[in-house]
There are 4 protein chains.
Amino acid sequence: MNNNERIFFANDYASTAHPKLLQALVDTNFVNTIGYGEDRYCNEAKELIKKECNNENVDIFFLVGGTPANMIFISSVLKSYQGVISPDTGHIATHETGSIESRGHKVITLRANKEGKINANQISSYYDKYKNDPNSLHVVEPSGVYISHPTEIGALYTKEELIDINRVCSVNGLFLYVDGARLGYALASEKNEITIPLLAELCDAFYIGGTKCGALLGEALVISNRSYTHDVHYNIKPNGGLLAKGKILGVQFKELFTDNLYISICKNANDFAQEIAKTCKEVGFRMLCDSFTNQQFVIIPKTILKELEKKYEFAIWEQYDSENMIIRICTSWATTKESVEELCLDLKSNRIN
Amino acid sequence: MNNNERIFFANDYASTAHPKLLQALVDTNFVNTIGYGEDRYCNEAKELIKKECNNENVDIFFLVGGTPANMIFISSVLKSYQGVISPDTGHIATHETGSIESRGHKVITLRANKEGKINANQISSYYDKYKNDPNSLHVVEPSGVYISHPTEIGALYTKEELIDINRVCSVNGLFLYVDGARLGYALASEKNEITIPLLAELCDAFYIGGTKCGALLGEALVISNRSYTHDVHYNIKPNGGLLAKGKILGVQFKELFTDNLYISICKNANDFAQEIAKTCKEVGFRMLCDSFTNQQFVIIPKTILKELEKKYEFAIWEQYDSENMIIRICTSWATTKESVEELCLDLKSNRIN
Amino acid sequence: MNNNERIFFANDYASTAHPKLLQALVDTNFVNTIGYGEDRYCNEAKELIKKECNNENVDIFFLVGGTPANMIFISSVLKSYQGVISPDTGHIATHETGSIESRGHKVITLRANKEGKINANQISSYYDKYKNDPNSLHVVEPSGVYISHPTEIGALYTKEELIDINRVCSVNGLFLYVDGARLGYALASEKNEITIPLLAELCDAFYIGGTKCGALLGEALVISNRSYTHDVHYNIKPNGGLLAKGKILGVQFKELFTDNLYISICKNANDFAQEIAKTCKEVGFRMLCDSFTNQQFVIIPKTILKELEKKYEFAIWEQYDSENMIIRICTSWATTKESVEELCLDLKSNRIN
Amino acid sequence: MNNNERIFFANDYASTAHPKLLQALVDTNFVNTIGYGEDRYCNEAKELIKKECNNENVDIFFLVGGTPANMIFISSVLKSYQGVISPDTGHIATHETGSIESRGHKVITLRANKEGKINANQISSYYDKYKNDPNSLHVVEPSGVYISHPTEIGALYTKEELIDINRVCSVNGLFLYVDGARLGYALASEKNEITIPLLAELCDAFYIGGTKCGALLGEALVISNRSYTHDVHYNIKPNGGLLAKGKILGVQFKELFTDNLYISICKNANDFAQEIAKTCKEVGFRMLCDSFTNQQFVIIPKTILKELEKKYEFAIWEQYDSENMIIRICTSWATTKESVEELCLDLKSNRIN
């Protein structure tokens, strides 16, 4: 961090990459490999991820970002008259500039709860209503479910919730897809019940986020339902997602899944976030919801925020009421112990209760 | 290069990145920047490119690859009933898995000459025929022209050719777009007449290729016709092309356009390629066309090819006749003097005249 | 009606066409005209509609149905990153199988009131929130507003409501489009304040429904904002909406707008519907909302419905509660005085208060 | 025909509909039917067409025109990275304003012969080249074949040619689709070898053209490969092709396939066209190719054309050379004996040999 900069808690994608990943890129720089993701590093990284899945029977593609991962998977699987069910706060529904619609598909939104989740009953009700509509040919066919873990505001699905959603999907022939942009922070949380093998078992596909968990760029799309593999594979290129130097993704993911780096990076960030959350609560700030991952959404008086912003950079989420704002305090692999301690001290000196 | 590998002349995207670019990524790793390409490095790189253009009035976006650059620009500019004219050998027409069509647009192909070029007369004739068609509403409207410089087989448009194409486009309201996947190799060639300022003057947009000219990934899309800027900007995200850590593209392009690195990398590769071409001709191999850039397309007897392939890796282009193959010998920033000398020696020991 | 059929009140598109329209088709059968809607009948019909608009400066296209009219207009006007605002009960949002999404655009839904309307404040709030979003490039740009008049459940916007919506649209650069699938029934209602000249003045485009107002098929899309005309015109063919024998639409619309036929057909249907509504209320049935057009949505005990359905055909809308259903009773040009009287008698003999 | 009009030979879609079809619409006007093509007339027409196919195991949809039939079928069957092979003169490649591309798919063109045909070898060669391409993921996958019968210039495929194309398609997993916009004229020709049962046997789908063979509008899409049925069915609505009053298509097709009307209408037109062709040849005009259907493409001196055009209306096809034009002389159900005799007389008085 430069001296003239504020201490950074705005997001988890501001520093470039964990140094081990950069070093691995330097170390493999002069190895000539075949292009387009067919190289040895991609293959090795895939093997490591299969081990994490505890499942050889998955297919893996490395993609450049979360939006292309969501768009390529979902648009590969849907037919042109089909749509995908999402929480109304889901990333595909709110912050991907209509990427799914740009590929011709409706995002069917269900009301998320305050943690950003939808549940099996909601999906089931929606689907049943569709199925019983005598004019169902006039209605977009709901053909899959998109959720995020953790959710957009850092909450975690329970194992039971995911099993229930999986059951509704299976019964009705819906695919289940999990956006894991910040999956590492879930996996590293003590409260988390959703392991990678469980995702591989219960989902048709999910992605393991790299960009927000220590990589320069890159997400690992894991496909358990291999009937989708060929279409996804072929759709990467026309959708602009195929890197000539695909190896740069393989090298990074190989590193992330060596010596537990992926989890340890994220655990560190989680621990810092929990410390900050604890301090926030102690000093009287309310939290939008309980988050056990690296994002903390804090309701904070505007006057205090103004003071803190002189020294710290947060993400402004939205206005809570005339007196208070909701801010996101976010940690990452690059967050330092010193900065967290300093923030906690400054929070304490602004206590409101 | 590992010892157990063949000497590599297959393409220009097998080694990761010029060491200076990797070093710059390492050096800037801990600088927290704003995301999505709005950071200081992207801004600095844009200023450097504007200087190269000798033109402040261009807009620049850094994209992850050539296919997304082509697709995002062209689909942003075309209305849904419009198409783009391309040589039938053009990359968008042949090797991007129908990316332009996937966005709803026809690629209208004109027959390329043996160098991979189309000319102003062809464009003009096609457009006139369209305009004079009384049923033109039943025909896709040709609304722009796509060419590559250098072409797919390494040839260079002359200044006069480009001016003529520009004139036909201007007269008929067609945009002109140049795919510069390997632009560096053109710019570094003594035979080249098409400078960056000329491209900025004659084209509505073009891109400066990074991936095949020394970067890990990344292309710089330069838009001279700023009426297109807003639409292109907005379309990057839904098309999956917006990196959260956009700074990794800015850092690299800043480096490429500092101390003339971009040209010097490519000049080196060109010089090696010319030496190889000279040797090929000396020993009696025909070339598909004269190429003054880093790709040499050589017609080579199958028997000799089989021998050389034990030691060297080339790209097999296509069968020429029952006795001969066309191969591509390709150099890059990572090609070494030693490997070129060794290849030339081995070519000479296989002379056929 | 065949003797063995139930008396029909299910919809307004079950009989083919008003006899005058069929006769006009017979009369003009052997006149050879130019194809694709450029013929004399289309031209004459356009002139008649311009007179109805009290405005020469509109452009008119005859399309085969409401879904293609909505889809062709909206997709012609939107850029690929843009979406259209609609009531969540709007036809494009619910019953066109994602036609707008299939062309790449998000339908942004606002909560409709119980009459199926949205208001200017809702639009304004949504747009302001979008405009003030620092990450607006990550959000679909709302670029126009779609409403129906009458609404899906037969209600009428007031002049003041439409003026307010127009003002919000103008201020924010949003287009305003009105779906007039049943416009005739609005125009023929005494309660209606929205005339055709007012639509031509306040909307960028609207369509005058033929299919549900007495034609075999066909809707007249009226474009007041002529900057959209060329794109709409060109998009009809690739979207499959251009009839070789376009004259069959012109002949019908010419007839509909001769001697006030369009209004008189619909007034008749309205009068019958009002009589039925009056009787429903008299006998104690609640209405979903006040409708002054040809559709009446009635909350009716299941037991009574079961009895009535032996003799009459209604559209089942949805379950109201465990005891009651919502049904639609719908009249058209083909509804007879006798059938209405019979229905009213039977309703009275099933009175519940 | 009005007195002040020229005698009409320009196309086969200028008069509205065969009187029997109009009469059937009048006769069924007041029968209230269910909407959207599920009515009794559509069902009866489907049964008649199944009998023509000599095959109960086909599915039939009535669509409003040829472009939507082609677009809906092809885009329902193709995945997003797939394209369809077509003669370069095929209607989808030239005169549908990029309708297939607008749905995201490349039309892969093969050079047609002078009759407008492609053959099995061409398809096989193209497919083999694709299959053997090591970078096939960078190339649009050819997944089906589109041809027209008769071709765009009135020529007929032989049974052997169609069997060969079918074989290549079957072997390579390509669908085979036949555009029958003018199928009636083929079926009515003595030279025709391609019957409806043969089409049902050899094609995955084809359509029986109504618009150009006596109907107001409408084409009957026949699907033999029922694995496609559900997707095609569902795609009609979002593509704007579903008529509320679907019965108007059923009523017409029922009539066309009663008492052999479809064939007898077209035979009449063919006979007139043959008479004209014979006269053209007698008087020394060359024909573009032998056509045994209702379209005759004649190479005619400009001076003579100018004279004839005072009295007759033809379609100007294109310039043949500086002295001659190619015109299309086209007959239909509405062509009269008198007009043909008059034309032949006038041709004879302009003989050039």
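Residues numbered from 1 in each chain as written. Chains lettered and ligands numbered in written order. Predicted model: local features only at pLDDT ≥ 70, side-chain atom pairs only at ≥ 80, totals over all residues.

S.K.: In this structure, what is going on with the overall build of chain A? I would like to understand it.
M.R.: Each helix and strand in chain A was counted, giving 14 helices and 13 strands. The C-alpha atoms of chain A give a radius of gyration of 21 Å, which matches the 20 Å a tight globule of 353 residues would have. Considering only C-alpha atoms, chain A reaches an extent of 60 × 60 × 35 Å along its principal axes. Counting over 353 residues, chain A shows a buried share of 59%. The contacts of chain A with a sequence gap of at least 6 include a subset with a gap of at least 24, amounting to 74%. (Helix = DSSP H or I, 4+ residues; strand = E, 2+ residues; numbered from the N terminus. Rg over C-alpha atoms; globule rule 2.2 N^0.38 Å. Buried ≥ 20, exposed ≤ 12 C-beta atoms within 10 Å, placed from the backbone. Contact = placed C-beta atoms within 7 Å.)

S.K.: Honestly, the relation of the copies chain A and chain B in this entry has me stumped. Any pointers?
M.R.: Note that the two copies of the chain are related through a rotation about an axis and a translation along the same axis. Rotating chain A by 180 degrees and translating it 0.0 Å along the rotation axis places it on chain B, where the RMSD comes to 0.0 Å. Here the symmetry operator amounts to a two-fold rotation axis. Comparing contact sets, 100% of the residues at the interface of chain A also lie at the interface in chain B, consistent with an isologous, same-surface contact. (Least-squares fit on C-alpha atoms with pLDDT ≥ 70 in both.)

S.K.: It is not clear to me how the packing of helix α1 (residues 19–27) of chain B against helix α11 (residues 247–256) of chain B should be interpreted in this structure. Could you clarify?
M.R.: If you want to describe how two helices pack, look at the angle between their axes and the distance between the axes. Residues and elements named next belong to chain B. Packing of α1 against α11 leaves a shortest axis separation of 9 Å and a crossing angle of 135 degrees. Put simply, α1 runs oblique to α11. The handedness of the crossing between α1 and α11 comes out as right-handed. Residues Lys20, Leu21, Ala24 and Leu25 of α1 lie in contact with α11, whose contacting residues are Ile248, Val251, Gln252 and Glu255. Looking at side-chain class alone, the contact of α1 with α11 contains five nonpolar, one polar and two charged residues. (Axes fitted to C-alpha atoms, helices over the stretch in contact; angles between N-to-C directions. Parallel < 35°, antiparallel > 145°, perpendicular 65-115°, else oblique. Left-handed = near helix turned anticlockwise from the far one by under 90°. Nonpolar A, V, L, I, M, F, W, Y, C, P; charged D, E, K, R; others polar.)

S.K.: Would you explain the interface of chain D and chain C in this entry?
M.R.: Accessible area lost when the parts come together is the quantity often used to give the size of an interface. In this complex, chain D contributes 46 residues to the contact, which on the side of chain C involves 46 residues. Contributions of two or more residues to the side of chain D that touches chain C are made by α1 (19–27), α3 (66–77), α5 (99–102) and α11 (247–256) of chain D. For the side of chain D that touches chain C, the element with the highest residue contribution is α1(D), accounting for four residues. Residue classes in the side of chain D that touches chain C are distributed as 22 nonpolar, 19 polar and five charged.

S.K.: I'm lost on the interface of chain A and chain B in this one. Help?
M.R.: Across the boundary between the two partners, chain A contributes 46 residues, which contact 46 residues of chain B. For the side of chain A that touches chain B, the elements supplying multiple residues, two or more each, are α1 (19–27), α3 (66–77), α5 (99–102) and α11 (247–256) of chain A. Ranked by the residues each element gives to the side of chain A that touches chain B, the list is headed by α1(A), at four residues.

S.K.: What is the right way to read the sheet that holds strand β9 (residues 286–287) of chain A from this model?
M.R.: The pairing of strands in a sheet happens through backbone hydrogen bonds and is either parallel or antiparallel. Residue and element names in this part refer to chain A. With antiparallel pairing, four strands are arranged side by side in an open sheet as β9-β10-β13-β12. Among the strands making up the open sheet, the edge pair consists of β9 and β12 (315–319). Pairing of β9 with strand β10 (residues 295–301), which is carried by two bridges, proceeds in the antiparallel orientation. Looking across to β10, one finds that Arg286 is bridged to Ile299. In the packing of helix α12 (residues 261–282) onto the sheet, contacts are made with β9, β10 and β13 (324–330), and the angle to β10 comes to roughly 25 degrees. (Pairing = 2+ DSSP bridges.)

S.K.: Is there a simple way to think about the pairing of strand β12 (residues 315–319) of chain B in this case?
M.R.: Each regular strand carries side chains that alternate between the two faces of the sheet. Residues and elements named next belong to chain B. Alignment of β12 against strand β13 (residues 324–330), held across four bridges, turns out to be antiparallel. Following the sheet pairing, Glu318 is matched in β13 by Ile326. Linking β12 back to β13 in an antiparallel pair, the connection comprises four residues.

S.K.: How should the environment of Glu201(A) be read in this particular structure?
M.R.: Positionally, Glu201(A) belongs in helix α9 (residues 196–202). The class for Glu201(A) is partly exposed, based on 15 C-beta atoms found within 10 Å.

S.K.: Explanation requested: the sheet that holds strand β8 (residues 219–223) of chain A in the structure shown.
M.R.: Residues and elements named next belong to chain A. The seven strands are arranged β2-β8-β7-β6-β5-β3-β4 in an open sheet whose pairing can be described as mixed. Edge positions in the sheet fall to β2 (59–63) and β4 (107–110), since each has one partner strand and no second. Averaged over all pairs of adjacent strands, the angle between their axes in this sheet comes to 25 degrees, without regard to strand direction. Relative to strand β6 (residues 175–179), helix α7 (residues 159–172) is tilted by about 145 degrees, and along the sheet it contacts β5 (141–148) and β6.

S.K.: Honestly, helix α2 (residues 40–53) of chain D in this entry has me stumped. Any pointers?
M.R.: What sets the pattern is the α-helix's 3.6 residues per turn: residues three or four places apart point alike. All names here are of chain D. Over its 14 residues, α2 extends 20 Å from the first C-alpha to the last, a length consistent with the 20 Å expected when each residue adds 1.5 Å. Its buried side turned inward, α2 meets β2 (59–63), α9 (196–202), β7 (205–209), β8 (219–223) and α11. Trailing α2 by a residue or two, Asn54 shows a phi angle of about 55 degrees, which is positive. (Expected span 1.5 Å × (residues − 1).)

S.K.: Teacher, can you tell me more about the domain arrangement of chain A here?
M.R.: All names here are of chain A. Here the domain parsing of chain A yields domain 1 (7–14 + 262–348) and domain 2 (19–256). On a C-alpha basis, the centroid separation for the pair domain 1 and domain 2 is 27 Å. Listed by partner, the interface residues are 18 residues for domain 1 and 20 residues for domain 2. Of all the secondary structure elements, the ones that give two or more residues to the side of domain 1 that touches domain 2 are α12 and β10. At seven residues, the largest contribution of residues to the side of domain 1 that touches domain 2 is made by α12. (Domains from an automatic or database assignment.)

S.K.: When you look at unusual backbone geometry in this model, what are you seeing that I'm missing?
M.R.: Apart from glycine, the bulk of residues carry a negative phi angle, and the bulk of peptide bonds sit in the trans form. With an omega dihedral of -5 degrees, the bond running from His149(C) to Pro150(C) counts as a cis peptide bond. With respect to the helices and strands, the residue Pro150(C) is situated in the loop between β5 (141–148) and α7 (159–172). At Tyr36(A), a position not held by glycine, the phi torsion is positive, near 65 degrees. With respect to the helices, strands and loops of the structure, Tyr36(A) is situated in the loop between α1 and α2 (40–53). Phi is positive for Asn260(A), close to 60 degrees, though the residue is something other than glycine. By secondary structure assignment, the location of Asn260(A) is in the loop between α11 and α12.

S.K.: Is there a simple way to think about the nonpolar core in this case?
M.R.: Note on soluble globular proteins: their nonpolar side chains tend to be buried together. Tyr177(A), Leu221(A), Val222(A), Tyr177(B), Leu221(B) and Val222(B) are the most contacted members of the largest nonpolar core, which has 240 residues in total. Each residue touching Leu221(B), except ones within four places of it in the same chain, is listed here: Ile60(B), Phe61(B), Leu63(B), Ala69(B), Phe73(B), Ala205(B) and Tyr207(B). Listed in part, the 238 residues of the second largest apolar core include Ile60(C), Leu249(C), Ile329(C) and Leu347(C). (Core = buried A, V, L, I, M, F, W, Y, C linked by C-beta atoms within 7 Å.)

S.K.: Even after reading the chapter, I still don't get the packing of helix α12 (residues 261–282) of chain D against helix α14 (residues 337–348) of chain D, so can you show me in this structure?
M.R.: Residues and elements named next belong to chain D. Where α12 contacts α14, the two axes come as close as 9 Å, and the packing angle between them is 10 degrees. Classified by the angle between their axes, α12 and α14 sit roughly parallel to one another. Within the contact between the two elements, α12 uses Phe272, Glu275, Ile276, Thr279 and Cys280 and α14 uses Val340, Leu343, Cys344, Leu347 and Lys348. Considered class by class, the residues forming the contact of α12 with α14 number seven nonpolar, one polar and two charged.

S.K.: I tried to follow helix α3 (residues 66–77) of chain C on my own but got confused; where do I start?
M.R.: Residue and element names in this part refer to chain C. The terminal C-alpha atoms of α3, which comprises 12 residues, lie 17 Å apart, in line with the 16 Å expected from a rise of 1.5 Å per residue. Among the 12 residues of α3, 12 are classified as buried, and the element is accordingly described as predominantly covered. Those residues of α3 that fall on the buried side of the exposure criterion are Gly66, Thr67, Pro68, Ala69, Asn70, Met71, Ile72, Phe73, Ile74, Ser75, Ser76 and Val77.

S.K.: Is there a simple way to explain the environment of Val58(D) in this structure?
M.R.: Residue and element names in this part refer to chain D. Secondary-structure assignment places Val58 in the loop between α2 and β2. Val58 gets classed as buried once you count the C-beta atoms within 10 Å, which come to 22. Along the primary structure Val58 and Thr331 are separated by 273 residues, whereas in three dimensions their C-alpha atoms are 31 Å apart. Not counting residues up to four positions away in its chain, the partners in contact with Val58 are Lys50, Cys53, Ala200, Val222, Ile223 and Ser224.

S.K.: Looking at this structure, I do not really get the environment of Ala120(B). What am I missing?
M.R.: Residue and element names in this part refer to chain B. Considering the arrangement of structural elements, one finds Ala120 in helix α6 (residues 120–131). Note on Ala120: 19 C-beta atoms within 10 Å, which makes it partly exposed. Once the C-alpha coordinates of Ala120 and Asn166 are considered, the two residues, 46 residues apart in sequence, prove to be 8.0 Å apart. Residues contacting Ala120, with those up to four places away along its chain left out, are Asp164, Ile165, Arg167 and Val168.

S.K.: Would you mind showing me how to read the pairing of strand β7 (residues 205–209) of chain A here?
M.R.: Residues and elements named next belong to chain A. Counting buried positions over the five residues of β7 gives five, a clear majority of the element. The pairing of β6 with β7 spans two bridges and is classified as parallel. Counted as the bridge partner of Val178 is Phe206 from β7. Pairing geometry for β7 and β8, over five bridges, is antiparallel. Opposite Ala205, over in β8, you have Ile223 as the bridge partner.

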